[in-house]
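Structural description and commentary
Chain by chain, the residues run as shown.
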Amino acid sequence: MDEQAKKTALRGISYGLYVIGTKVGDDVNAFTGNWVTQTSFAPPLVAIGAKKGTTSTDGIHDSGVFSVNVLETGQKDLAFSFFKPVSRVGNKFGDVEFYTQATGSPILKDALSWFECKVVHEYDGGDHVIFVGEVVDAGVHREGSPMTLSETGLFYGG
Ligand SMILES: Cc1cc2nc3c(=O)[nH]c(=O)nc-3n(C[C@H](O)[C@H](O)[C@H](O)COP(=O)(O)O)c2cc1C
């Protein structure tokens, strides 16, 4: 296989960019990720790809819950806040405020919209774990266009 072609072709997959939250023991954690897709209407199921060995992946595995925060186009600073490990103080990750709802996973106040899931399947996805979650609650903070990975100029894929 032509490695460069593989990389270029795989990077042709279009993505959004989301902050994915979860519970870690009695605490919460969140990371920015693009490997998110719906897999079923009824029941409403969503799959995420989560890197093996991270705090969040272990947290989702152990707690069985995660939230997906849909960011708005232009919210680059918010997206960039969760590419590296974050620490929580009260209901904030740094300056970023969150609250919790049904599952206890963090919901960012500044996100456009959100949904939260209970894990119903977990698969070995190579160097990532694929969690399939059933959407158990959702909310919309305001109208707007969702952020895309391409507008950030970053890639996670290839
Ligand atoms: C553009 C971009 C997209 C990313 N997408 C994902 C993703 O879909 N899944 C994932 O597990 N990590 C993804 N990451 C890496 C996580 O953001 C990073 O590993 C994070 O630090 C994990 O946080 P944690 O260690 O606190 O759990 C991405 C990183 C970048 C730069």
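Definitions and cut-offs
Residues numbered from 1 in each chain as written. Predicted model: local features only at pLDDT ≥ 70, side-chain atom pairs only at ≥ 80, totals over all residues. Heavy atoms only, no water. UniProt positions renumbered as here; feature names shortened; annotations may be inferred. 1 Å grid on protein atoms, 1.4 Å probe; cavity = no way out; pocket = protein on both sides within 12 Å on 5 of 7 lines; lining within 4 Å. Points joined across faces, edges and corners; volume = space filled by probe spheres on them. Helix = DSSP H or I, 4+ residues; strand = E, 2+ residues; numbered from the N terminus. Nonpolar A, V, L, I, M, F, W, Y, C, P; charged D, E, K, R; others polar. Salt bridge = Lys/Arg side-chain N within 4 Å of Asp/Glu carboxyl O. Buried < 20%, exposed > 50% of the residue type's maximum accessible area, 1.4 Å probe, protein only. Near = heavy atom within 4 Å. Polar contact = N/O pair within 3.5 Å; in protein donor to acceptor, adjacent residues only side chain to side chain. Areas by Shrake-Rupley, 256 points an atom, 1.4 Å probe, with all protein chains shown as cover. Phe/Tyr/Trp six-rings, centres within 6.5 Å; stacked < 30°, edge-to-face > 60°.

The chain is annotated in an unreviewed UniProt entry as Flavin reductase of Alicyclobacillus mengziensis. Quoted verbatim from the Sequence similarities (unreviewed entry) field of UniProt, the annotation for the chain is "Belongs to the non-flavoprotein flavin reductase family."

**Concerning the layout of surface pockets**
Taken as a whole, the largest pocket holds about 460 Å³ of empty space. Residue lining of the largest pocket: 25 residues in total, with F31, T32, K51, F82 and F83 positioned closest to the centre. Among the elements of the structure, β2 (27-33), β4 (45-51) and α2 (55-63) are those that each provide at least two residues to the lining of the largest pocket. Top contributing element to the lining of the largest pocket by residue count: β2, with 5 residues. Counted by class, the lining of the largest pocket contains 13 nonpolar, 10 polar and 2 charged residues.

**Observations regarding the pattern of salt bridges**
This structure, assessed with the given rule, holds 5 salt bridges. One salt bridge in this structure joins R88 and D27, with 2.4 Å as the shortest N-O distance. Pair noted here: R88 is in strand β6 (residues 88-89) and D27 is in strand β2, with a separation of 61 residues, a long-range link. Residue R88 is classed as partly exposed on the basis of its relative accessible area of 34%. Ionic pairing is found between D124 and K52, a salt bridge with its closest N-O pair at 2.9 Å.

**Topic: the site of the ligand**
Around the ligand sit 20 residues, and of these T32, G49, K51, S56 and F83 come closest. At 3.0 Å from an oxygen atom of the ligand is found a side-chain nitrogen or oxygen belonging to N29. Note that a nitrogen atom of the ligand is positioned 3.4 Å from one of the side-chain N or O atoms of Y156. Protein contact buries 89% of the 640 Å² of open area that the ligand shows by itself.

**Considerations on the UniProt feature "domain: Flavin reductase like" (unreviewed entry) in the chain**
Within this numbering scheme, the UniProt entry marks residues 10-156 as carrying the feature "domain: Flavin reductase like" (unreviewed entry). Span residues 10-156 is 10% helix and 47% strand, its end C-alpha atoms 10 Å apart.

**Points about the packing of aromatic side chains**
In the structure shown here, the tally under the stated rule is 4 aromatic pairs. Ring centres of F80 and F83 lie 5.2 Å apart, and the angle between their planes is 80°; this geometry places the pair in the edge-to-face category. For F83, a relative accessible area of 42% puts it in the partly exposed group. Linked through ring pairs, F82, F93 and F98 together constitute an aromatic cluster.

**Things to note about unusual backbone geometry**
Of the consecutive residues A42 and P43, the connecting peptide bond is found in the cis state with omega at 0°. Residue position: P43 is located in the loop between β3 (36-40) and β4.

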